[in-house]
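Chains, contacts and geometry: an overview
The lines below spell out each chain.
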Protein chains: 2
Amino acid sequence: MSPMKVFGHPMLTNVARVLFFLEEVGAEYELVPVDFLAGEHKRPQHLKLNPFGKMPGFQDGDLVLFESRAISKYILRKYGKADLDLLRDNGSIEESSMVDVWTEVEAQQYYPAIAPVVFECIINPFIMRTAPTNQTVVDESLERLRGVLGIYEARLEKSSYLAGDSVSFADLNHIPFTFYFMATPYASLFDEYPKVKAWWERLMARPAVKRVCKNMPTKF
Amino acid sequence: MSPMKVFGHPMLTNVARVLFFLEEVGAEYELVPVDFLAGEHKRPQHLKLNPFGKMPGFQDGDLVLFESRAISKYILRKYGKADLDLLRDNGSIEESSMVDVWTEVEAQQYYPAIAPVVFECIINPFIMRTAPTNQTVVDESLERLRGVLGIYEARLEKSSYLAGDSVSFADLNHIPFTFYFMATPYASLFDEYPKVKAWWERLMARPAVKRVCKNMPTKF
């Protein structure tokens, strides 16, 4: 069988998300480059894979999927190993619900706080070259992020990872934007939250994570 | 066993989301009012249920959950019936992945397009009384929503519902914001997308949906 195909550039946060899970399960895959600066993701060939013209596109045999979180869950369900069990599919409904809770927290609370800092400090000025840093947006987002990190600190006083004492889908979803945040001038914010900092260092020490992050540039 | 408890006001979109699924599965539950205009959701009693101070809070026996999408999945997994199977947990990985894809599309593409219109036209001016309608935001969001609805129209030409020929978790997640959108001056936008309009009418005809929507006021 031909390997799974991921269409997109590995520096993009949503592409990186899918790659983390492919590397975690150790599946064979092919990364097919899409030149987003040339607008390739808006052309008919890519729109067949993702009608919204976003990246990544994804193909496994005849199956076409889009939306990085959905693709990632598919990879874990189809190719995941029992001893990894990042979705807790092998556990109780209560255990998998805790993964769902903290996966939603990432999407609904953490991402809206951290992403604007990354967009303003890295993505817009250096990658897209669309706009200089808007300091008001950065400052408001940092304030919001402090609130979120305070709640994470309390949570991580109770368990090593967000959904319990082993790593889950929820934790790994935090990596793409946090990785780029750590390349902004505000990385030291995490020093104020020692449990969060230690959690972050545990995630970054994972071999699968290291393999993906080496293709995510932070100097421009 | 005491019934599940949902803490929050049924007019709020994230509370309504949970109520749709409780009504769909026919589970017993108690709705515990939280006076959000008086800031009750920011007080210690509510923060024990949801550390982010958001609604709804949720309790089932000793289990406390937050984030409405996570609560909803818990309800379906714990109390769902095989003949409803809104998550396609009884089907193949490919089938449940299509539910994941369109659930993420709702969160990542549809919501960011439709929500600003609802916030600007209904929630901010009439419920929160914080600001008048910002017409620029409304116009930009309507433009974005047209793009999204065009893709939905193409999808719904292939199947009656987003993830196939029967209703799923993905479809029902669209209801709260679409319901309020239909009370804005822009409801007729949906008339331009006949498959989407018919899909919406099928969702609104569901008895469980009707029971929840009668507690979602659209006149102020």
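Worth saying up front: this structure is predicted, and the values here are computed from it rather than measured.

**Section: helix α5 (residues 135-156) of chain A**
- End to end, α5(A) covers 30 Å across 22 residues, agreeing with the expected 32 Å (1.5 Å per residue, within 8%).
- Put simply, N134(A) is the residue that caps the front of α5(A), since its side-chain oxygen is 3.1 Å from the backbone nitrogen of T136(A).

**Regarding the sheet that holds strand β4 (residues 63-65) of chain B**
Residues and elements named next belong to chain B.
- Strands sit in the order β2-β1-β3-β4 across an open sheet of four strands; the sheet is mixed. Two strands close off the open sheet at either side, each with one partner strand: β2 (29-32) and β4. Each strand of the sheet is rotated relative to its neighbour by a mean of 20°, with strand direction disregarded.

**Notes on the pattern of salt bridges**
- Scanning all chains against the criterion turns up 19 salt bridges over all chains.
- Two residues, D89(A) and R77(A), come together in a salt bridge whose shortest N-O distance is 3.5 Å. Of the two residues, D89(A) is situated in the loop between α3 (68-79) and α4 (93-128) and R77(A) in helix α3; the sequence distance between them amounts to twelve residues.
- A residue is classified by how much of its surface remains accessible, and D89(A), at 43% relative accessible area, is partly exposed.
- With relative accessibility at 25%, the residue R77(A) sits in the partly exposed group.
- Among the ionic pairs, D191(A) bridges to K197(A), the shortest N-O distance being 2.7 Å.
- Taking the relative accessible area as the measure of exposure, K197(A) reaches 25% and is therefore partly exposed.
- It is possible to trace a salt-bridge network through shared partners that takes in R77(A), D89(A) and D100(B).

**Focus: the relation of the copies chain B and chain A**
- Once chain B has been moved 0.0 Å along the axis and rotated by 180°, it coincides with chain A to within an RMSD of 0.0 Å. The superposition of one copy onto the other is thereby described by a two-fold rotation axis. Minimal C-alpha distance to the rotation axis in chain B is attained by A107(B), lying at 4.5 Å.
- Same-surface contact between copies: 100% of interface residues of chain B are shared with the interface of chain A.

**Here's the deal with the UniProt feature "domain: GST C-terminal" (unreviewed entry) in chain A**
- This chain's UniProt record puts "domain: GST C-terminal" (unreviewed entry) on residues 92-220 of chain A.
- Across residues 92-220 of chain A, helical content stands at 67% and strand content at 0%; the span's end C-alpha atoms are separated by 46 Å.

**Points about the layout of surface pockets**
- Quantified by volume, the second largest pocket comes out at close to 300 Å³.
- What lines the second largest pocket is a set of 16 residues, and nearest its centre among them are P51(A), F66(A), W102(B), R155(B) and K158(B).
- Among the elements of the structure, β4 (63-65) of chain A together with α4 (93-128) and α5 (135-156) of chain B are those that each provide at least two residues to the lining of the second largest pocket.
- A per-class count over the lining of the second largest pocket returns twelve nonpolar, no polar and four charged.

**Things to note about empty space enclosed by the protein**
- With the rule as written, the count across this model stands at two cavities of 30 Å³ or more.
- Volume-wise, the largest cavity comes out at about 100 Å³.
- Around the largest cavity, the lining is made up of 14 residues, and of these R69(A), E104(A), A107(A), R69(B) and E104(B) lie nearest the centre.
- Listing elements by their share of the lining of the largest cavity, those giving two or more residues are α3 and α4 of chain A together with α3 (68-79) and α4 of chain B.

**Observations concerning the nonpolar core**
- Counting residues in hydrophobic clusters, the biggest one holds 151 residues, and the most contacted among them are W102(A), Y152(A), W102(B) and Y152(B).
- In this structure, Y152(A) is in contact with W102(A), V105(A), E106(A), Y110(A), L162(A), H174(A), V196(A), W199(A) and F52(B), ignoring residues within four places of it in sequence.

**Remarks on the interface of chain B and chain A**
- Counting residues at the interface gives 28 residues for chain B, matched by 28 residues for chain A.
- Carbon and sulfur atoms make up 64% of the surface buried where chain B meets chain A, a total of about 2900 Å² over both sides.
- If you look at where chain B meets chain A, you find four salt bridges.
- Between E94(B) and K78(A) there is a salt bridge, and its shortest N-O distance comes to 2.6 Å.
- At the boundary of chain B with chain A, the tally comes to eight residue pairs in polar contact (both at pLDDT 80 or more).
- Mapped by element, the contributors of at least two residues to the side of chain B that touches chain A are β4, α3, α4 and α5 of chain B.
- Broken down by element, the residue count for the side of chain B that touches chain A peaks at twelve residues, all from α4(B).

**Thoughts on the pairing of strand β3 (residues 57-60) of chain A**
Residue and element names in this part refer to chain A.
- As paired elements, strand β1 (residues 4-7) and β3 share three bridges and run antiparallel to each other. Looking at the pairing, V6 lines up with F58 of β3.
- In this sheet, β4 lies alongside β3 in antiparallel orientation, the contact comprising three bridges. Counted as the bridge partner of F58 is L65 from β4.

**Digging into the sheet that holds β1(A)**
Residue and element names in this part refer to chain A.
- Pairing is mixed in the open sheet, where four strands are placed in the order β2-β1-β3-β4. This sheet does not close on itself; its edge strands, each paired only once, are β2 (29-32) and β4. Strand after strand, the sheet turns through a mean of 20° between neighbouring axes, direction not considered.

Reading the values: rules and limits
- Residues numbered from 1 in each chain as written.
- Chains lettered and ligands numbered in written order.
- Predicted model: local features only at pLDDT ≥ 70, side-chain atom pairs only at ≥ 80, totals over all residues.
- Heavy atoms only, no water.
- Helix = DSSP H or I, 4+ residues; strand = E, 2+ residues; numbered from the N terminus.
- Expected span 1.5 Å × (residues − 1).
- Polar contact = N/O pair within 3.5 Å; in protein donor to acceptor, adjacent residues only side chain to side chain.
- Pairing = 2+ DSSP bridges.
- Axes fitted to C-alpha atoms, helices over the stretch in contact; angles between N-to-C directions.
- Salt bridge = Lys/Arg side-chain N within 4 Å of Asp/Glu carboxyl O.
- Buried < 20%, exposed > 50% of the residue type's maximum accessible area, 1.4 Å probe, protein only.
- Least-squares fit on C-alpha atoms with pLDDT ≥ 70 in both.
- Contact = heavy atoms within 4.5 Å.
- UniProt positions renumbered as here; feature names shortened; annotations may be inferred.
- 1 Å grid on protein atoms, 1.4 Å probe; cavity = no way out; pocket = protein on both sides within 12 Å on 5 of 7 lines; lining within 4 Å.
- Points joined across faces, edges and corners; volume = space filled by probe spheres on them.
- Nonpolar A, V, L, I, M, F, W, Y, C, P; charged D, E, K, R; others polar.
- Core = buried A, V, L, I, M, F, W, Y, C linked by side-chain atoms within 4.5 Å.
- Buried area = accessible area lost by both parts, 1.4 Å probe.

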